[in-house]
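Chain by chain, the residues run as shown.
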Amino acid sequence: MRRTRNAGIALSIVAAMTLAACSAGEPGGTDETPAGTAEETDAGTSGAGGEGITVGIKFDQPGLGLQEGSEYTGFDVDVARYVADKLGYSEDQIEFVESVSSQRETLLENGSVDMIFATYSITDARKERVAFAGPYFVAGQDLLVTSDNSDITGPDTLDGKVLCSVEGSTSAERIRDDYSQGVELYPAQTYSECVELLSAGTIDAVTTDDVILAGYASQPAYGGQFKVVGNPFSEENYGVGLPKDNDVCEDVNAAITEMIDDGTWEELIAKNVGESFTPNADLNPPTPAPCA
């Protein structure tokens, strides 16, 4: 990742002091800086005015990370923009790239991205390969149902119901293993497919993290058809994925803390997943953990 603004300022001060000393009559002093010196090279890679930053996001999660043409929207996207700004990068210096769940560690390890904001749960297994700042949000597995559904109030009320989740996900298996043996699982390729089936009445509920469900529920195309049950039964700490060896984790944590303290966090939640969704107040907004 490129230097942050503070690093760029520090280098500029040192460079300015050195140039002043040389100009004052030290051996080799000159009034001009030759092209290709360290001063010119560093100026092109530091924070604002530098080369930029590459950020991994989801491209297919409404309310969190969604690509529509050349536009990128969602809570994760806006948090990424806020953090990047605090690190010294303007919006036009951010390059967003798709970060598929199964590829996130690899993207960080091979340098394809500098950071990842993509509903990226902090786990011990992942920390063996990458580092995390945050969390900046704590989600919980929940259920999405139609707005007029009063039968489904939690994972233990799914007997005889048809439940949709993405094929191979742990979300549906958690329901069947821990809560309801009588549920019928419908495996889909994407959560968008699940939501379409819910709208058509083919299934009874969709399950994944509550904030992801809220993003789908808040889409204008569905016009208030759905609601998140609001009975989360897991804890998912969304962190900022970073390369294992990095020097920006504490700066990212400081930016997240400032975002929470200045009220921006609440504004971004309301803007992206609807004012009707209330994050778990016992867990949100979270306090970033110290960088290891």
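Up top is the structure.
Rules used in this analysis
Residues numbered from 1 in each chain as written. Predicted model: local features only at pLDDT ≥ 70, side-chain atom pairs only at ≥ 80, totals over all residues. Heavy atoms only, no water. Helix = DSSP H or I, 4+ residues; strand = E, 2+ residues; numbered from the N terminus. Buried < 20%, exposed > 50% of the residue type's maximum accessible area, 1.4 Å probe, protein only. Contact = heavy atoms within 4.5 Å. Areas by Shrake-Rupley, 256 points an atom, 1.4 Å probe, with all protein chains shown as cover. 1 Å grid on protein atoms, 1.4 Å probe; cavity = no way out; pocket = protein on both sides within 12 Å on 5 of 7 lines; lining within 4 Å. Points joined across faces, edges and corners; volume = space filled by probe spheres on them. Nonpolar A, V, L, I, M, F, W, Y, C, P; charged D, E, K, R; others polar. Pairing = 2+ DSSP bridges. Axes fitted to C-alpha atoms, helices over the stretch in contact; angles between N-to-C directions. Disulfide = S-S within 2.5 Å. Phe/Tyr/Trp six-rings, centres within 6.5 Å; stacked < 30°, edge-to-face > 60°.

Caption draft 1: Highlighting the overall build of the chain. Along its length, the chain carries 9 helices and 13 strands. Looking at the chain as a whole, 46% of its 292 residues qualify as buried. Partitioning the contacts of the chain with sequence separation of at least 6, the portion at a separation of at least 24 is 70%. With the model as given, the accessible surface of the chain reaches about 14,100 Å², and the carbon-plus-sulfur share is 46%.

Caption draft 2: Representation of the environment of I256 within the structure. When you line up the elements, I256 lands in helix 8 (residues 249-261). In sequence terms I256 and P288 are 32 residues apart; their C-alpha atoms lie 7.4 Å from each other. If near-sequence neighbours (up to four positions away) are discounted, I256 is found in contact with V83, G134, P135, Y136, V240 and P288.

Caption draft 3: Looking closely at empty space enclosed by the protein. Under the counting rule described, the total for this entry stands at 1 cavity of 30 Å³ or more. Roughly 30 Å³ of internal volume is contained in the largest cavity. As for the largest cavity, its lining consists of V138, A139, G140, D210, P232, S234, N280 and L283. Among the residues forming the lining of the largest cavity, the class breakdown is 4 nonpolar, 3 polar and 1 charged.

Caption draft 4: How the structure looks around the sheet that holds strand 8 (residues 141-146). Spatially, 10-9-11-8-12 is the arrangement adopted by the 5 strands of the open sheet, whose pairing is mixed. Each edge of the open sheet is held by one strand with a lone partner, namely strand 10 (184-188) and strand 12 (226-228). Pairwise comparison of adjacent strand axes, ignoring direction, gives a mean angle of 30 degrees for this sheet. Of the pairings in the sheet, the one linking strand 9 (residues 162-166) to strand 11 (residues 205-209) comprises 2 bridges and is parallel in character. Following the sheet pairing, C164 is matched in strand 11 by V206.

Caption draft 5: Main features of the state of the cysteines. Applying the stated rule across the entire model yields 2 disulfides. In this model, C164 is linked to C194 through a disulfide, with the two sulfur atoms separated by 2.1 Å. As the torsion about the S-S bond is roughly -70 degrees, the C164-C194 disulfide counts as left-handed. Pair noted here: C164 is in strand 9 and C194 is in helix 6 (residues 191-200), with a separation of 30 residues, a long-range link. The side chain of C249 participates in a disulfide bridge whose partner is C291; the two sulfur atoms lie 2.0 Å from each other.

Caption draft 6: Spatial organisation of unusual backbone geometry. At the junction of G134 and P135, the peptide bond is cis and its omega measures out at 15 degrees in the coordinates. Along the chain, P135 turns up in strand 7 (residues 131-139). In this structure, the amide linkage connecting N284 to the following residue, P285, adopts the cis form with an omega of -10 degrees. The topology assignment puts P285 in the segment after helix 9 (264-273). Phi is positive for T119, close to 40 degrees, though the residue is something other than glycine.

Caption draft 7: The packing of aromatic side chains, seen in detail. On inspection of all chains with the given rule, the structure shows 11 aromatic pairs. Relative to Y72, the ring of F59 lies with its centre 5.5 Å away and its plane at 45 degrees, an arrangement referred to as tilted. Placement of the pair is F59 in the loop between strand 1 (53-57) and strand 2 (60-61) and Y72 in strand 4 (residues 71-73), with a sequence separation of 13 residues. On the basis of relative accessible area, F59 is assigned to the buried category, the value being 15%.

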